[in-house]
Amino acid sequence: SQRWHSNCFTHSVNALLAKCPMNRNMPEIRQVLAFVAIVETGSFTLAAKRLNLTQSAISHSLRSLEDSLSTRLLDRRGKSHALTATGEIFLSHCR
């Protein structure tokens, strides 16, 4: 299935990145995909549906990404959110 191929690809790339000493603090691909999906869909729930994950997994991925980058990418206001200036820059590099 497509999900299986996606998981294999993600695992392979993450395994390669983990071996590179310069990439110790590199975000994982799943974290970047979650971030982009949140921005593109405008919703954590819709991002989760797009990536076949739970909403809590999406939230955890974003939190882990922000922790690894030591910065906030989204300003959360209740159920809404907006990109921070850093989030805008990071998004442009993701695309």
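Fair warning: this is a prediction, and the values are worked out from it, not measured in the lab. (Residues numbered from 1 in each chain as written. Predicted model: local features only at pLDDT ≥ 70, side-chain atom pairs only at ≥ 80, totals over all residues. Heavy atoms only, no water.)

A. Quick look at the overall build of the protein chain. When helices and strands are tallied, the protein chain shows five helices and two strands. When the helices and strands of the protein chain are read in sequence order from the N terminus, they spell out α-α-α-α-β-β-α. When each of the 95 residues of the protein chain is scored for burial, the buried share is 29%. Long-range contacts, defined as pairs at least 24 residues apart, comprise 43% of the intrachain contacts of the protein chain with a sequence gap of at least 6. Only carbon and sulfur atoms are counted for the fraction: they give 56% of the accessible area of the protein chain, which is about 6,400 Å². (Helix = DSSP H or I, 4+ residues; strand = E, 2+ residues; numbered from the N terminus. Buried < 20%, exposed > 50% of the residue type's maximum accessible area, 1.4 Å probe, protein only. Contact = heavy atoms within 4.5 Å. Areas by Shrake-Rupley, 256 points an atom, 1.4 Å probe, with all protein chains shown as cover.)

B. Structural detail: the pattern of salt bridges. With the rule as written, the count across this model stands at four salt bridges. The partner of Glu28 in a salt bridge is Arg30, and the shortest N-O contact between them spans 2.8 Å. Since its relative accessible area comes to 34%, Arg30 is described here as partly exposed. Between Glu40 and Arg50 there is a salt bridge, and its shortest N-O distance comes to 2.6 Å. Taken as a pair, Glu40 in helix H2 (residues 29–41) and Arg50 in helix H3 (residues 44–50) lie far apart in primary sequence, 10 residues in all. Glu40 sits in the partly exposed class, given a relative accessible area of 42%. Connected through shared salt-bridge partners, Glu66, Arg72 and Arg76 make up one network. (Salt bridge = Lys/Arg side-chain N within 4 Å of Asp/Glu carboxyl O.)

C. Spatial organisation of helix H5 (residues 85–94). Turning to H5, its buried residues are Gly87, Phe90 and Leu91. In a view along the axis of H5, the buried residues occupy a sector of 105 degrees, so they form one face of it. Turned more than 90 degrees off the buried face of H5, the exposed positions are Ala85, Ile89 and His93. Tucked inside the fold, the buried residues of H5 contact H2, helix H4 (55–69) and strand E2 (80–83). (Arc of directions from axis to C-beta.)

D. Region of the structure containing the pairing of strand E1 (residues 74–77). Where E1 lies against E2, four bridges are found, and the strand directions are antiparallel. Paired with Arg76 across the strands is His81, a residue of E2. Here E1 hands over to E2 after two residues, with Gly78 in that stretch at a positive phi of 65 degrees. (Pairing = 2+ DSSP bridges.)

Nothing here speaks to function; it is all geometry.
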